[in-house]
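Chain and residue survey
As a plain string of letters, each chain reads:
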Amino acid sequence: MSTLAVAVITAIVSLVLGAAIGGVISYFLTGKMLEKKLGNAKAIAEKQIKDAEDKASSIKKEAILEAKEEALKIKVESENENKERRADIQKMEARILEKEESIDRKNDALDKKLQAIEDAKAEIDAKKQDLENFKKEVEKEKENIAKELEKVAGLTREEAKKQVVDSIIDDARKEAGNIVRDIENEAREEGEKKARDIVTLAIQKCATDQTADVTVTTVSLPTDEMKGRIIGREGRNIRAIENATGVDLIVDDTPDAVILSSFDPIRREVARLTLEKLITDGRIHPARVEDVVEKVKKDIEKTIKEAGENASFDAGVYNLHPEMIKILGRLKYRTSYGQNVLKHSLETSYIAGLLAGELGANVAVAKRGGLLHDIGKALDFEMEGTHISIGVDVAKKYKESQEVIHCIEAHHGGVEFKSIEAILVQVADAISSARPGARRESLDAYVKRLEKLESIANSFKGVDSSYAIQAGREIRIAVKPEEVDDASMVILAKEIARKIEAEMEYPGQVKVNIIRETRATDIAS
């Protein structure tokens, strides 16, 4: 082997040995570092474990303390609740014991009363027996006395009885004479009263045709079958119409017609228009009746306004307040002694204006005063006072001139005349009222009586509305169900009847009929 080869081999071996030695040294150095790092990590881990154990121990202690506090709180609350329950139970036991004692006392008292009743009954029986014995003794004594009297008087029992009977007959004849005299006087007085009643009734019957013209309206029906639909099942439709309008519907044997009866012409007109609309529409039931009545009332209000405007235009009286025009229009449905008040007011305005023109007075004031002189009659059933005082108040409220107010105030001569126009309004009023066929004397008092009847009913608490029907022989009253219950209705009817008796004069009887209705409404959608 050559030297070069040996050198090469030597060099290779040296390199291999050097590398091996370096690797061993490096291995030993790396292991030391790893051991050191591992020791540090272990120390850190042990520290973290210790910290976690300390924290867990602290949390555990706190949880134990909280649990103990919560348990103590629950225990205290439970004890308090138990105390309250025991107290309630003790109170209930005390009340029960008290009731038992009360029942025992009542039973004892009842036993004593029963015993007292038994004792009293026994005592009564004993007294009855004593009374029977006493009666027997009295009868014996009477026999003995009668025998003694016969001996003393020298009369037999029959003779004494005859004298007593004769004496009784004489006394009876005297008393009978007095009774006959009283009966004759009473009969004379009663006869005079009956005669007055008969004459009054005859006069009333004679006035029937005149009154019927303005208190009854006939509504024509397409067929007689419509009467059944108007009445409805068990009369619910006719009751709904009467309650909503305050008018009495008379369904009789008159073919193809029903009759509406009411002293109030506005109500009667509302009922007439309502019935005609229902017949035309064909749907007749309580809910529909109420809807139609409301619509008709609005139409009537419009008609009233138009009537007032037309009257103002026809009379040549302008610049009236809008509310005054509405009030004037209501006179279209008002009558006085059978005379339409709106037409009467127009006549009075015409006549007063003509007279003022002939005499050189103020035509405008005369015509205005004539048109408004009875304006109070549109409100006299709603307000207290005469139609004159009401008319004056209305004229002042709506700023009428003092001259016109004086015409209203003086048209019945209640105050001293201060102007020729006021005199002319009074004269025109008398001319319009006095013309042939203008008035019927019986109607005004009749209407006033019916209005008074309704006013009395409406003065009671809980009354919603009232309607005088059957020519004032019945007052139908609807009450508020939340204020008047079924039991109170009887008392209310008696109170209203007593007040009517005390404050009114009327022939025959007045039936007070109270209606209470409750409703529940829902909508299905």
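Now for a look at the structure at hand. (Residues numbered from 1 in each chain as written. Predicted model: local features only at pLDDT ≥ 70, side-chain atom pairs only at ≥ 80, totals over all residues. Heavy atoms only, no water.)

All right, on to the overall build of the protein then. Counting secondary structure elements, the protein contains 15 helices and 8 strands. Counting only residues that meet the buried cut, the protein has 30% of its 525 residues in that class. Of the contacts made within the protein by residues no fewer than 6 positions apart, 61% connect residues no fewer than 24 positions apart. Counting every atom, the protein has about 35,600 Å² of accessible surface; 56% of that belongs to carbon and sulfur. (Helix = DSSP H or I, 4+ residues; strand = E, 2+ residues; numbered from the N terminus. Buried < 20%, exposed > 50% of the residue type's maximum accessible area, 1.4 Å probe, protein only. Contact = heavy atoms within 4.5 Å. Areas by Shrake-Rupley, 256 points an atom, 1.4 Å probe, with all protein chains shown as cover.)

One can expect most non-glycine residues to show negative phi and most peptide bonds to be in trans. With a phi angle near 60 degrees, Asn 319 is a residue other than glycine that sits in the positive phi range. With respect to the helices and strands, Asn 319 occurs in the loop between α7 (286-315) and α8 (322-330).

This paragraph deals with the sheet that holds strand β7 (residues 474-479). Ordered in space as β6-β7-β8, the 3 strands form an open sheet in which the pairing is mixed. The outermost strands of the open sheet, each flanked by one partner alone, are β6 (463-469) and β8 (511-516). Going from strand to strand, the sheet's axes swing by 20 degrees on average, the running direction of each strand aside. Both β6 and β7 contribute to a ladder of 6 bridges, which runs antiparallel. Of the residues in β7, the one forming a bridge with Ile 469 is Glu 474. Its contacts with the sheet place helix α5 (residues 236-245) against β6, β7 and β8, and it is angled at close to 105 degrees to β6. (Pairing = 2+ DSSP bridges. Axes fitted to C-alpha atoms, helices over the stretch in contact; angles between N-to-C directions.)

Residues Ile 9, Val 13, Leu 17 and Ile 21 make up a contiguous nonpolar surface patch of roughly 350 Å² in combined accessible area. Tracing the backbone shows Ile 9 in helix α1 (residues 3-153). (Patch = residues over 30% accessible without salt bridge, like charges linked within 9 Å, V, L, I, M, F, W, Y side chains within 5 Å. Salt bridge = Lys/Arg side-chain N within 4 Å of Asp/Glu carboxyl O.)

With respect to the helices, strands and loops of the structure, Ile 405 is situated in helix α12 (residues 402-410). With 14 residues separating them in the primary sequence, Ile 405 and Gly 391 have C-alpha atoms 8.3 Å apart. Other than its neighbours up to four places away in sequence, Ile 405 contacts Val 392, Ala 395, Lys 396 and Glu 400.

Along the chain, Asn 237 falls in helix α5. Judged by relative accessible area, Asn 237 falls into the buried class, the value being 4%. In this structure the side chain of Asn 237 is engaged in a polar contact, spanning 2.9 Å, whose partner is the backbone oxygen of Arg 229. Non-local contacts of Asn 237, meaning those with residues more than four positions away in its chain, are made with Arg 229, Ile 230, Ile 231, Gly 232, Ile 284, His 285 and Pro 286. (Polar contact = N/O pair within 3.5 Å; in protein donor to acceptor, adjacent residues only side chain to side chain.)

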